[in-house]
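# Overview (structure and organization)
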Amino acid sequence: MDQEQNIDEWLLDDGIGTNLFGADTLVQLNSKGKKGRELDEYIEDIKESARVAIDQSIAILTPWFFSNMPQFYYQTTPRAEKVRDLHAVITGHIFESKQKLQLWNRHRTKTTFLAPGNDDQVFFDIAESVKTLSVKNGAMYTSNDRLLLISTFFTNEFQAVDLENEKNRAKVERAADLLKGENEEAVHNFLYNLDDQMVVHTTPGRMARLYRLFHLAKDREDAVTHLVPDYFNEYARLDIAYKKMPISHTLATLLYLFDRYDFQVNRCMFATVNCHTDTPISVFTIIFRHIDGKRVDSKFVPFLKLNKASKSLRWVDTDHFDKMWRRHGGPDIGDFSLNEINLIRSISVWVQIFLSKLNPYYYSEERVRKTFTRNPHILRMLVDFFKVRFDPRVSEDLRATLAEMEDKLKEAISEVSNRIEHDILIESHNFIRHILKTNYFFPRKTGLAFRMNPDCLNPKFYPHSPFGFFFMLGRGYRGFQVRFRDTARGGMRILMPKDASQYEASFAGLFDEVIGLSYAQQLKNKDIPEGGAKAILLLSPDADKETAALGAVDSILNLITTDSESAKLDHSIIDYFGHEENIYLGPDENCTNDLIEAFVRQAYRRGYKYPNAFMSSKPGAGINHKEYGVTSEGVNVFLDNLLLELGIDPRKQSFTVKMTGGPDGDVAGNELKILHREYGDNAKVVAVADGFGAAFDPEGLDWDELLRLVHESRSIMDFQTSKLSENPDSFVIPADTAEHTRTRNSLYAVADADVFIPAGGRPYTVNSDSWQLFKKPEGGLTVKAVVEGANIFFTEEARERLQEAGVLMFKDSSANKCGVICSSFEILASLIIQPEEFMEIKDVYVAQVLEKLRAKADSEAKLLLREWREMGKSKTLVDLSKILSDVINRVTDLVAANLAKLSDDELQSPANEHIVYSYVPDVLVDRFKDRIFRDIPRSYLDAIISADTAARIVYAEGINWLQKLTDEDLVKTVRIYMEKERRVEELLNILEEQDVAHKEEIRMILEHAGARTLTTWERAL
């Protein structure tokens, strides 16, 4: 039979057709359509057929529907919604056609999915489909016979519970009764700030459970889980609470985890509590069973794996690698767990960063991932090699086979013919075999951390090998912490790119930036016990800063926190490094006061041995850099010396300055205050540019207006144009257009000034090309001198070109060193006294530290200029700064190596006590002298003695005196010199009591040449 005979003719007349399609319609209309009585009878027949079908559906589906809905449905679903859901089931062809139906309420604040319940894939599909929604609470559950799946998601904005509603009030009061015995104020704050829609759809018992889970999770960085076995029949219940984990981004992955470990989900409820604050907590309640019907309890192995993976989910990215552990929709690469895939993700990140130096296109994330999926057997060998090295449960017999495993791994990699894939797998192996310890098996980790052996670095690209470094990876962050000495310190910089392109640019140069900054810090830290270090954390554009930063810091703490009794790391950590490590951090870009305090609290919670010393620049019991302007105090001392060298007496003559960094910045804002404090109107700031705009006035920007912006912590773009001079070239602009941005970006170079102070800006702003912006069209340069207040603002080539053109430059490692020196003194105090004791002496201590900072800056500035003149200006100030750092660091390292051979009693000799007590600010010596040698770590005492000894000798005697000595002779000379320095002090005390001719001249000779002369004389004997 022709198919068309089964199709009703439903044809419109020509008039209607013309109205619908126009006169030139391509559709040939049939004028034989049903009309009149024939049409009426046809319609009635169809209506009756439909009515019979619907009545049959109602008769069959209504009793089925209401007898199979679980109790939860009746407790949480209003009557009108029950009617709507039943109507949708009857008319939606859910069962016949296996369709998924989505319904929205009128205000589009709630969506409900109805779908067949006996297809697990539907669970995943629905969870995936709500990822773009801002889900606040809801539920997914099946009918009792699992034929129907109902999923409801609320997307409404937060609205506190309406207690005028009698039912709501009764629920809240009942929940409060269930929580009797808990803190009444905390219970009240929680219940009365629940979302109104959640209360409507939630039982009092669940509200009470949400309270308990919330209070367990709010002060923790890891997830909280709670299992209830035998919840009903063979079903168990698992509650999971995550801090700052949006429901819509978490639900699908969580369901995939249950599926992976052979669990069948019957019901899943989810709610965000505390959602009106900046610390929302998502709570998932999942009713589930094992597909084999086995009892689920806390010792059931599949559950143990599920529980571990669920907790890890808090710190694992959802990306292309995420699919590799799923059973649905992922590549066929074998059985890898979520944690194993996170290790593979870490390997991929490492490979991308270190091979992209060869070719960023060859070694992209996509290429690395494809290499892994094309070589699953090698991927499994890499993971197994890692696990045998670091799994604490592995027997010693199996660990003894590591060499054999590695040989087989190398052989398998050698057989890969594709060069790019071969390089990727070689670098993957390089990463794993150079890990010294990791928190991979730590049960409460907040991200992965790896302590790396620096031998993994290619000397071609990294000629200055660090002492060691940490590699961190977690949800929304990647990072490194690099240090050039065992005892080292440096700030944590948090990079927060706005979009994917900025992220990719920062990611490609992440390790280069951190090792460059830490090496610059090593040169800068020559005056203090700690060597150079730096940490950089790169966040993905949608990451939460606090969550990511705390996760990264906590993962480092896993690898350095030892047991107070055994002095060993957690039993889950295999340590191939084998020595205690102490890390000293400080603030840097985007590391705000709240994070500084949070890091210290976290160190306390983790039981770190020196929690107060873990982070410097604490706003309370610390010395906040911005509040006291410590970096700028040193910058200005270098500026003062440089102006005098230019023939400008800044206290008598006017001079001009241009700056990068805004009035709201640390270094720039404080430098503006100090310029005005020290020189008044003699200092004319002609140009300032920051991240938001720029201001320029050849006559000098108005001081009252500049200081207003500093005190109000405002950008330079807020400079009032009415305060500009009448000079027609003056302007204030926001960086809000391409033209304005170009003007802002070049102002630091094109504006004329005596001195340029970069006090903010991105690394390597001035490079081999952009340095030429300083050239004037008529010849010459727009600046005479530079004092680098910001780190690595110039490339090496840019510095060379500018100095060749006659610019005098004080390098960053010299000019802005006082920030790190101040932090060092803060750390020193934290090792000796408690926070409350520090607060008692803070004003005096800060004043003494500032005095030491200015003295150290002045000593270096004067030495560099003296050496520059004595060498006939054959070397630049930048070259001399590097040489000075190298000489002091060499002396420091040699002295430290010699001190390490001494016992604790030998270390505390009168000579060494004298050095330490001279270095420590007086107020600590006066009040806590007995604690200094008792409480300061031995490695730190060694570092104080060696660093201070080296700096004192080199600043006093110059660069050349020790530079040419052999290592052995240098150590002997230093030891004799320190003895003779004490002898000179004794002679000066004796001289003070004598009445002799030329007393002042004798005193000066003893002070400036006594120790060196006596040392040379004894060495000659």
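Here, every reference points to the structure presented above.
The following refers to the structure shown. What you see is a predicted model, and the numbers here were worked out from it, not measured in a lab.

### What to know about the overall build of the protein
Looking only at helices and strands, one finds 38 helices and 22 strands in the protein. Dimensions of the protein, computed from the C-alpha atoms along their principal axes, are close to 135 × 75 × 70 Å. Counting across all 1021 residues of the protein, residues that qualify as buried make up 55%. A sequence separation of at least 24 residues applies to 71% of the contacts in the protein between residues at least 6 apart. Of the roughly 44,900 Å² of accessible surface on the protein, a fraction of 49% belongs to carbon and sulfur atoms.

### Things to note about the side chain of Asn-137
With respect to the helices and strands, the residue Asn-137 is situated in strand 3 (residues 137-142). Taking the relative accessible area as the measure of exposure, Asn-137 reaches 4% and is therefore buried. Here Asn-137 is in contact with Thr-152, Phe-153, Phe-154, Asp-195, Met-198, Ile-247, Phe-270, Ala-271 and Thr-272, once residues within four sequence places are set aside.

### Some words on the pattern of salt bridges
All chains considered together, the criterion is met by 81 salt bridges. Residue Arg-651 pairs with Asp-640 through a salt bridge whose shortest N-O separation is 2.7 Å. Residue Arg-651 is located in the loop between helix 23 (630-645) and strand 16 (655-660), and its partner Asp-640 is located in helix 23; the two are separated by eleven residues in the primary sequence. For Asp-640, a relative accessible area of 15% gives the class buried. Of the charged contacts, one joins Lys-776 and Asp-752 as a salt bridge, the two residues approaching to 3.2 Å between their closest N and O atoms.

### As for the sheet that holds strand 9 (residues 435-438)
Sheet strands pair via backbone hydrogen bonds, and the direction of the pair is either parallel or antiparallel. Read across the sheet, seven strands follow the order 9-10-11-12-14-13-15 without closing on themselves; strand pairing throughout is mixed. In this open sheet, the two edge strands, each paired with only one partner strand, are strand 9 and strand 15 (584-587). For this sheet, the mean inter-axis angle between neighbouring strands, taken without regard to orientation, is 20 degrees. Taken together, the five bridges between strand 10 (residues 448-452) and strand 11 (residues 468-474) define a ladder with antiparallel strand orientation.

### Describing unusual backbone geometry
A positive phi angle, close to 55 degrees, is found at Arg-108, a residue other than glycine. Inspection of the secondary structure puts Arg-108 in the loop between strand 1 (101-104) and strand 2 (110-116). At Arg-146, a residue that is not glycine, the phi angle is positive and equals roughly 65 degrees. Here Arg-146 shows up in the loop between strand 3 and strand 4 (148-154). With relative accessibility at 12%, the residue Arg-146 sits in the buried group.

### A short note on helix 34 (residues 922-935)
Side chains three or four residues apart in an α-helix point the same way, a direct result of the helix having 3.6 residues per turn. Approximately 100 degrees is the largest bend angle found in helix 34, and it occurs at Phe-928. Of the residues making up helix 34, those classed as buried are Val-923, Leu-924, Val-925, Phe-928, Arg-931, Ile-932 and Phe-933. In this fold, the buried residues of helix 34 make contact with helix 29 (818-832), helix 30 (835-870), helix 32 (904-907), helix 33 (910-919) and helix 35 (938-957).

Basis of the calculations
Residues numbered from 1 in each chain as written. Predicted model: local features only at pLDDT ≥ 70, side-chain atom pairs only at ≥ 80, totals over all residues. Heavy atoms only, no water. Helix = DSSP H or I, 4+ residues; strand = E, 2+ residues; numbered from the N terminus. Buried < 20%, exposed > 50% of the residue type's maximum accessible area, 1.4 Å probe, protein only. Contact = heavy atoms within 4.5 Å. Areas by Shrake-Rupley, 256 points an atom, 1.4 Å probe, with all protein chains shown as cover. Salt bridge = Lys/Arg side-chain N within 4 Å of Asp/Glu carboxyl O. Pairing = 2+ DSSP bridges. Axes fitted to C-alpha atoms, helices over the stretch in contact; angles between N-to-C directions. Bend = angle between axes of the 7 residues up to and from the residue.

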